[in-house]
Structures are given as C-alpha cells and as structure tokens.
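Below, each chain spelled out in residue letters.
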Amino acid sequence: MVVKVAVFVIFGCDLEPHSNEPYLATSLQDFWGRRWNLMVPGILRQAVYTPIRQVSKRKLNSVLSLFLGFLVTFVVSGAVHELMLFCLTRELPTGEVTMFFVLNGVCTAAEVVVKKKFERRLWRMSPLLSRVLTVGFVVVTGGWLFFPLLIRKGMIERLANEALFVNDLNGLIRSGFLIDLYD
C-alpha cells in the first residue's frame, strides 16, 4: 500500500492491484486465474494458453487441448520463476519450483475438466470447505516445492530484514527524524 501511494504521489499514476483476496479463492482456477498475481494470468493467457489451445485443438480433442494449454502455461510460469530465483539466489535451479507450478497446473486442469463434466449436477461443495481445500493445497504444495530453495538460501530471512528496514525507515520519516537531518 505504501508503494502504491508513493508511486501515485511521485509519478501521478495508479498501480494495478497485485492480488484480489486470494484467501477467498474457491478453486484453483479461481486462485490462479482471478485472485493471485493479477497481471500474470492476462499475459500468460495471451502469450501461451490461447496459442497452445488454438494449435492443439486441430489435433486433439477439447479435453486434451485444455489440459495441454494449462500444462504448458504452468510450465512456462515455473521456468520463469526458476529464472527469477536463480537471479536472486545464484543457485542453479533444482526444478522444485517448476514442479510446484506443474503440479498446480495439472490439478487446475483436472479441476476444470471435472467441473465441465459434472456442471449439471445439483451437488455443490460449501464455499468455506472449497476455500480451505484450495488455499490449503496451494500452501502445502508451496511449502513442499516452492519455499525450500528460499529457506535454504536464507532468502526468507533477507526479505524479512528488508521489510523491517523499510518499516523502520517509514517510522523515521513519520517521526520527522530524517527531515530534521536535512534541514
């Protein structure tokens, strides 16, 4: 929020929100497509998912085309995250992060296929239970495959220290201490 306000004050433009209450997601499709990292789904949908679906529809049936579209999109996302983490940690990729995205992609595709197949059924899962299962799945798979590299390289500690530093700096600015130094 502080960054958003600072960018607006300095540059006079508004930033798009990064997420939309991801803890309220009722499905993996909802989490990855509409609630988490809002800019990325739009980019990946246009750059990867739609072209893969269009090409694969010619050779495969609709279900396989859908599955392939999700799988390739999540593999690309995983590879990009591996690259970003390599730049941050300077440790060769282990594939854990890509596997996190592949697993989530496979499960998201399976979820969409099951929903399409059973959409006329009267049975519905309660929103509370679907939220717990969705967020629980992302947290468990993230703890298993995404965060171990960050923990091994001390990135969590470094990020926490940087956040504390920014918070301390913000406190100094509010108190007027830094302004007094420059007067």
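Everything numeric in this text was worked out from a predicted model, so none of it was measured.

**Some words on the packing of helix H2 (residues 28-35) against helix H6 (residues 127-152)**
Line of reasoning, step 1. Where H2 contacts H6, the axes come no closer than 8 Å and their chain directions differ by 75°. In terms of their interaxial angle, H2 and H6 are classed as roughly perpendicular. Only Thr-134, Phe-137 and Val-138 of H6 make contact with H2, whose side of the interface consists of Leu-28, Phe-31 and Trp-32.
Line of reasoning, step 2. Its residues assigned to classes, the contact of H2 with H6 comprises 5 nonpolar, 1 polar and no charged.

**Concerning the environment of Phe-86**
Line of reasoning, step 1. Mapped onto the elements of the fold, Phe-86 is located in helix H4 (residues 62-89).
Line of reasoning, step 2. Exposure remark for Phe-86: the relative accessible area of 29% places this residue in the partly exposed category.

**Let's talk about the environment of Met-39**
Line of reasoning, step 1. Take Met-39: it is sitting in helix H3 (residues 39-57).
Line of reasoning, step 2. Its relative accessible area of 61% is what places Met-39 among the exposed residues.
Line of reasoning, step 3. Taking the C-alpha atoms as reference, Met-39 lies 8.8 Å from Ser-19; in sequence the two are 20 residues apart.

**What to know about the packing of aromatic side chains**
Line of reasoning, step 1. Scanning all chains against the criterion turns up 10 aromatic pairs.
Line of reasoning, step 2. Ring centres of Phe-146 and Phe-147 lie 5.2 Å apart, and the angle between their planes is 75°; this geometry places the pair in the edge-to-face category.
Line of reasoning, step 3. Joined through ring pairs, the aromatic side chains of Phe-31, Trp-32, Trp-36, Phe-74, Phe-100, Phe-101, Phe-146 and Phe-147 make up one cluster.

**Overview of the confidence of the model for the chain**
Line of reasoning, step 1. For the chain, per-residue confidence averages 85 on the pLDDT scale, and residues scoring 70 or more make up 87% of the total.
Line of reasoning, step 2. Model confidence for the chain, summarised as mean pLDDT per element, is weakest for helix H8 (residues 177-182) at 54 and strongest for H2 at 94.

**As for H4**
Line of reasoning, step 1. In this model, H4 (28 residues) spans 40 Å end to end at C-alpha, consistent with the 40 Å of a helix rising 1.5 Å per residue.
Line of reasoning, step 2. For H4, the complete set of buried residues consists of Ser-65, Leu-66, Gly-69, Phe-70, Thr-73, Phe-74, Ser-77, Gly-78, His-81, Glu-82, Leu-85 and Thr-89.
Line of reasoning, step 3. Here H4 starts with a cap whose side-chain oxygen sits 3.1 Å from the backbone nitrogen of Val-63, and that cap is Asn-61.

**Comments concerning the nonpolar core**
Line of reasoning, step 1. The biggest cluster of nonpolar side chains holds 20 residues, and the ones touching the most others in it are Trp-32, Phe-70, Phe-100, Phe-101, Val-138 and Phe-146.
Line of reasoning, step 2. Those elements that provide at least two residues to this core are H2, H4, helix H5 (96-117) and H6.
Line of reasoning, step 3. Look past the residues within four positions of Phe-70 in its chain and what remains in contact with it is Tyr-49, Gly-105, Thr-108, Ala-109 and Val-112.

**Brief notes about the layout of surface pockets**
Line of reasoning, step 1. Its volume calculated, the largest pocket comes out at about 780 Å³.
Line of reasoning, step 2. Looking at the lining of the largest pocket, the elements with two or more residues in it are H2, H3, H4, H5 and H6.
Line of reasoning, step 3. The residue makeup of the lining of the largest pocket, split by class, is 20 nonpolar, 9 polar and 2 charged.

**Things to note about the UniProt feature "transmembrane region" (unreviewed entry) in the chain**
Line of reasoning, step 1. The positions that UniProt labels "transmembrane region" (unreviewed entry) are, in the present scheme, residues 63-85, 97-116 and 128-151.
Line of reasoning, step 2. Secondary structure content for residues 97-116 is 100% helix and 0% strand, and the end C-alpha separation is 29 Å.
Line of reasoning, step 3. Across residues 128-151, the secondary structure splits into 100% helix and 0% strand, with the terminal C-alpha atoms separated by 31 Å.

Cut-offs and rules
Throughout this document, residue positions are counted from 1 along each chain, in the order its sequence is written. With pLDDT at 70 or above as the cut-off, local features in this predicted model cover only qualifying residues; side-chain atom pairs require 80 or more to be listed or tallied, and sums for whole chains, interfaces and linings still use all residues. Computation of side-chain values covers all heavy atoms of the structure but excludes hydrogens and water. Every axis in this analysis is a line fitted to C-alpha atoms, fitted for helices over the stretch in contact. Angles between the N-to-C directions lie between 0 and 180 degrees. Strands here are runs of E lasting at least two residues and helices are runs of H or I lasting at least four, both read from the DSSP assignment and numbered beginning at the N terminus. Any angle from 65 to 115 degrees is called roughly perpendicular, while one under 35 is roughly parallel, one over 145 is roughly antiparallel, and all others are oblique. Every residue pair with non-hydrogen atoms within 4.5 Å of one another is taken to be in contact. For this classification, the nonpolar set comprises Ala, Val, Leu, Ile, Met, Phe, Trp, Tyr, Cys and Pro, the charged set comprises Asp, Glu, Lys and Arg, and every other residue, Gly included, is treated as polar. Relative accessibility thresholds used throughout: buried, under 20% of the residue-type maximum; exposed, over 50%; partly exposed, between the two (1.4 Å probe, protein chains only). The aromatic pairing rule takes the rings of Phe, Tyr and Trp, using the six-membered ring of Trp, and pairs them if the centres are within 6.5 Å, calling planes under 30 degrees apart stacked, those over 60 edge-to-face and the rest tilted. Confidence per residue, as judged by the predictor, is encoded in pLDDT with a range of 0 to 100. Each residue after the first adds 1.5 Å to the expected span of a helix. We define a polar contact as two N or O atoms separated by no more than 3.5 Å, with the added condition that, inside protein, one atom must be a possible hydrogen donor and the other a possible acceptor, whereas residues neighbouring each other in sequence contribute only through side-chain atom pairs. Buried Ala, Val, Leu, Ile, Met, Phe, Trp, Tyr and Cys residues that are joined via side-chain atoms within 4.5 Å together make up what is termed a nonpolar core. Any residue with an atom within 4 Å of a point lines the site, the site being either a cavity, points on a 1 Å grid over the protein atoms alone where a 1.4 Å probe fits but cannot get out, or a pocket, an open set with protein on both sides within 12 Å along at least 5 of 7 lines. Grid points are joined across faces, edges and corners, and a volume is the space filled by probe spheres set on the points. UniProt positions are given in the numbering used here, feature names are shortened, and annotations may be inferred rather than shown by experiment.

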